[in-house]
Amino acid sequence: MRAIWKGAVSFGLVSIGVKVYSATEEKDIRFHQVHREDGGRIRYKRTCSVCGEEVTYDDIAKGYYIGGGEMVILTDEDFADLPLSTSHAIDVLEFVPAEQVDPILYNKAYFLEPEGSATKPYVLLRDALSDSERVAIVKVALRQREQLATLRVREGVLLLNTMLWPDEIRRPDFGFLDEDLKVRPPELAMASSLIDSMAGEFEPDAFTDDYRAALQEVIDAKVEGREVVQPEEEEAAPAAAVDLMAALKASVERARAARGEAPSGGGAEPTPISSARSAKKAAKKAPARKPAEKKAEPAKKTAAKKTPAKKTAEKKTEPAKKTAAKKTTAKKAAAKKSA
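What counts, and at which threshold
Residues numbered from 1 in each chain as written. Predicted model: local features only at pLDDT ≥ 70, side-chain atom pairs only at ≥ 80, totals over all residues. Heavy atoms only, no water. Patch = residues over 30% accessible without salt bridge, like charges linked within 9 Å, V, L, I, M, F, W, Y side chains within 5 Å. Areas by Shrake-Rupley, 256 points an atom, 1.4 Å probe, with all protein chains shown as cover. Salt bridge = Lys/Arg side-chain N within 4 Å of Asp/Glu carboxyl O. Helix = DSSP H or I, 4+ residues; strand = E, 2+ residues; numbered from the N terminus. Axes fitted to C-alpha atoms, helices over the stretch in contact; angles between N-to-C directions. Parallel < 35°, antiparallel > 145°, perpendicular 65-115°, else oblique. Left-handed = near helix turned anticlockwise from the far one by under 90°. Contact = heavy atoms within 4.5 Å. Pairing = 2+ DSSP bridges. 1 Å grid on protein atoms, 1.4 Å probe; cavity = no way out; pocket = protein on both sides within 12 Å on 5 of 7 lines; lining within 4 Å. Points joined across faces, edges and corners; volume = space filled by probe spheres on them. Nonpolar A, V, L, I, M, F, W, Y, C, P; charged D, E, K, R; others polar. Core = buried A, V, L, I, M, F, W, Y, C linked by side-chain atoms within 4.5 Å. Buried < 20%, exposed > 50% of the residue type's maximum accessible area, 1.4 Å probe, protein only.

J.: Can you break down a nonpolar patch on the surface residue by residue, with the values?
T.: On the surface, a nonpolar cluster with roughly 370 Å² of combined accessible area is contributed by Y64, I66, V72 and L74. Taken together, the elements giving at least two residues each to the nonpolar patch come down to β3 (62-67) and β4 (70-74).

Printed below as a string of structure tokens:
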């Protein structure tokens, strides 16, 4: 790494000489603009819009537009009179709890390395800062601009985080903030359950820039002259569900299934996923019956009903037979008397 700035951390009456290094670097793949036909680099000339002449860097100044077509021109001499141009100090203003600093304020990060004989006071400030569980609020002038920043400890090194000024943070002005939207308690509870089911420990190394890797593959393929392999497409996200509660429940079930956990039991209402699984299991366990067997059952019941009816008819005919027999006997007796 190459130091981009040298100065001193002013900690009370203690001055700690430091070198400043960029703590981050962009990994974006950069391209040059070239002529499609022959690959020649495209160059841009710095020309004046008034006289049309090409201008060198030495002849370029800074202009501030004040409106009405008028411009105020500032030269290097104007900037030289500002007190920040020669300031190489990181002034500690106060120490505050880290959670009081809104992360949106953070801008860029720099490592600080002790210079020369400043190692002992550097380590002293580092250890004291770690024990305090606070961050130092400092002011620093980098690239001719005064900036607010924090000092904290990361992996045994002092880390300088430059910050934006409060008036550089935009205020969100969106229409939905004025709408009276009500969230039902069951929906909120289910959303909280989804968050709990997806909770984990943040490990930055577990995440990768898939686009950059795929782009590098395309470039390597061009260099090697081989066929470019298309990366596998990710599964499309499901369409927005009308029933928010059902979507939340299904999301919780899917998150639990991904973790290998059993579905939620007890008296909870079945989710779309658990209902589908239960129906599948029931279909596998129940033996299939033929339609003819189903129709035979009502026929058996009808036959059973008809059998008692027959017995009743037989019972009714028995008294009728006895009455007929009595009449025949009476006729025979009357015939004998007349004879």
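Picking up after the structure, the text goes on.
J.: Any details on the packing of helix α3 (residues 185-197) against helix α5 (residues 244-258)? Residues and values, ideally.
T.: The geometry of α3 relative to α5 is characterised by a closest axis approach of 9 Å and an angle of 20° between their N-to-C directions. Judged by the inter-axis angle, α3 sits roughly parallel to α5. Our pair here, α3 against α5, has a crossing hand that is left-handed. Contacts between α3 and α5 pair P186, E187, M190, A191, S193, L194 and S197 from the former with L244, M245, L248, K249, S251, V252, A255 and R256 from the latter.

J.: Describe in detail the sheet that holds strand β2 (residues 14-22), supporting the description with residues and values.
T.: The strand order around the closed barrel formed by seven strands is β1-β2-β6-β9-β8-β7-β5, and the pairing between neighbours is mixed. Geometrically, the sheet is characterised by an average inter-axis angle of 40° between neighbouring strands, direction not taken into account. Sheet analysis places strand β8 (residues 145-154) next to strand β9 (residues 157-163), joined by seven bridges and oriented antiparallel. Bridging from a neighbouring strand, V153 pairs with L158 of β9. Sitting on the sheet, helix α2 (residues 119-132) is in contact with β1 (5-11), β2, β5 (89-97), β6 (106-114), β7 (134-142), β8 and β9, with an inclination near 70° to β9.

J.: Please give an account of the layout of surface pockets that cites residues and values.
T.: Each pocket or cavity is described by its volume, and for the largest pocket that value is around 190 Å³. Taken together, I4, S22, A23, T24, E25, E26, K108, A109, Y110 and R143 make up the lining of the largest pocket. When residues of the lining of the largest pocket are assigned to their parent elements, the largest contribution, three residues, is made by β6. Grouping the constituent residues of the lining of the largest pocket by class yields four nonpolar, two polar and four charged.

J.: Explain the nonpolar core to me, using residue names and the numbers behind them.
T.: Across soluble globular proteins, you tend to see nonpolar side chains buried next to one another. V9, I90, L112, V138, L151 and L160 are the most contacted members of the largest nonpolar core, which totals 21 residues. Of all the elements in the fold, those that place two or more residues in this core are β1, β2, β5, β6, α2, β7, β8 and β9. Residue contributions to this core peak at four residues, all from β7. Beyond its immediate sequence surroundings of up to four residues, L160 is in contact with I90, K108, A109, Y110, L112, V138, A149, T150 and L151.

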